[in-house]
Amino acid sequence: MSDTVLVTGASGYIGSHIVANLLSKGKRVRATVREPNDEERVNHLKKLPIVDGGELEIVKMDLFNEKEVNDVVDGCTDIIHTAASLYVGKKDAQKDVVDPSIIGTQNICNAIDLAGTVKHLVHTSSTAAIRPTNYVDGTCFTSESWADDATLENNAYGLAKAGAEKLVREWYSKKKSGEMKLVTIHPCVVFGPPMSKRHLSGSLGYIEAFVKRTLPKSMPIHINIVDVRDVAEAHVRALDKGVDSGRYLVVGGDMWMKDVADVLRGAYPERKWAKGVLPYSICLVAAFFHPKISIKWARTHLRHHCTYDASPAMKDLEMEFRPIEESIIDSVPPILENKWI
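Residues numbered from 1 in each chain as written. Predicted model: local features only at pLDDT ≥ 70, side-chain atom pairs only at ≥ 80, totals over all residues. Heavy atoms only, no water.

Q: Is there a simple way to think about the side chain of Lys 181 in this case?
A: Looking at the element boundaries, Lys 181 is found in strand 7 (residues 181–187). Of the polar contacts made by the side chain of Lys 181, one reaches the backbone oxygen of Lys 241; its length is 2.6 Å. If we ignore the near neighbours within four places in the chain, the residues touching Lys 181 are Lys 119, His 120, Leu 121, Tyr 172, Ala 238, Leu 239, Asp 240, Lys 241, Gly 242, Val 243 and Asp 244. (Helix = DSSP H or I, 4+ residues; strand = E, 2+ residues; numbered from the N terminus. Polar contact = N/O pair within 3.5 Å; in protein donor to acceptor, adjacent residues only side chain to side chain. Contact = heavy atoms within 4.5 Å.)

Q: What should I look at first to understand unusual backbone geometry in this one?
A: Peptide bonds are trans in most cases, and residues, glycine excluded, mostly fall at negative phi. Its identity is not glycine, yet Arg 303 carries a phi of approximately 70°, on the positive side. By the element assignment, Arg 303 lies in the loop between helix 10 (295–301) and strand 12 (307–308). Here Glu 318, not a glycine, exhibits a phi torsion of approximately 60°, which is positive. Tracing the chain through its elements places Glu 318 in the loop between helix 11 (311–316) and helix 12 (324–330). A residue is classified by how much of its surface remains accessible, and Glu 318, at 47% relative accessible area, is partly exposed. (Buried < 20%, exposed > 50% of the residue type's maximum accessible area, 1.4 Å probe, protein only.)

Q: Can you walk me through the nonpolar core in this structure?
A: Buried together is how nonpolar side chains tend to be arranged in soluble globular proteins. Val 19, Leu 22, Ile 185, Ile 207, Val 260, Leu 264 and Ile 328 are the most contacted members of the largest nonpolar core, which has 75 residues in total. In terms of residue count, helix 1 (residues 13–24) provides more of this core than any other element does, 7 residues in total. Each residue touching Leu 264, except ones within four places of it in the same chain, is listed here: Ile 207, Phe 210, Trp 273, Ile 328 and Val 332. Counting 22 residues, the second largest nonpolar core, distinct from the first, contains Val 73, Ile 112, Tyr 172 and Leu 182. (Core = buried A, V, L, I, M, F, W, Y, C linked by side-chain atoms within 4.5 Å.)

This is the structure in C-alpha cells:
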C-alpha cells in the first residue's frame, strides 16, 4: 500500500488547501473532520480534483477523543497537523482556544507513539507563537523568537500556538535520532481563495469586512500576509525538505490595511471600498461595538508593525512566495460568486 498522509483539520482554510495540494500530486490522503455529515465542511473537499494514484478518505475525528485520534493515525506514514481553534468570537479562551491546541496535539503525539508507522510530522504553528504581545515597533522577528509573554487575557491564540508547539517539540526531543522527522510551519495572516463560507471566519475576516464595507475607512493595522496556496505548498514540501526540527516562517510580504483596500479598489473598481484611515480614537470606539474585535486587541495592534524573516523557508523549502497583491485580489471572487456575504 502506498504512503498515507493524514491531514487534521482538513475542512479548515489551510487544511483544505493542503488536501488539494496533496491530491494534485497523486497522494493518498486521509482527511479528518469533526462532522463528516456536515455538507458545509466536506462538500468542497469531495469536489477536489484527484490526479491518478491519488485517493481521498474523509474520516471523523475529534481531537479530544483519544480513540478516534488513535484509529485515524494508525497506519499513516505522514501527518500534517493543522487542526486548531482561532480566537475569533470565542467566549471561553481556555476551553475554546487553548485546550483544543494543547490537548489535541498531545493526543496526536500519543497516537504516533502507539502507531509506530509515522515518519514525518509537519505541525502547523503560527507567527503568533513567534511574536511576543509586547515588542519594539518595527522589529523583524526570526524563528528564534517565542511569544513567551502570551496569556489567556492578552493573547490566547499566541498562548495556544506557542504552548502546542513547545509540547510537540518536548515530546519529539525524547525520540531516537532518525526515528522520524518534525518540522513546524508558521504562517502569518493568510489570504487567497476560500473554498467554503466557513473559511471567512479567520484571516479572511479582513477581506470580508472590506467587501461588506463594515467600516467606511480602514483601521491603522499593519498586516503580514501570505497566500494560502503557498502555506499549503510549504507544508507539503516540509514532508521531504527542510532541516529536522526546523521552524519555518512563511510570509509573503506586508502592508497596512489602507493599502489592502487600495489593491482591492484597483482590481475591482466597480465596487465601493473603504477610503482613508480612521483616527485611532474612533477605532477604539468602533472596537468596543465590534463583535469580533476587543478594545484590548485594538490597543495592542493598532499603529504597530513588525516583519518576519522567511528566508529560511525560501532556502530550505525552496519556497517562492506569490506577490501579496495577488493573494488579496484572489480572495474576493469566491466570496462574490458564491454570495457568501
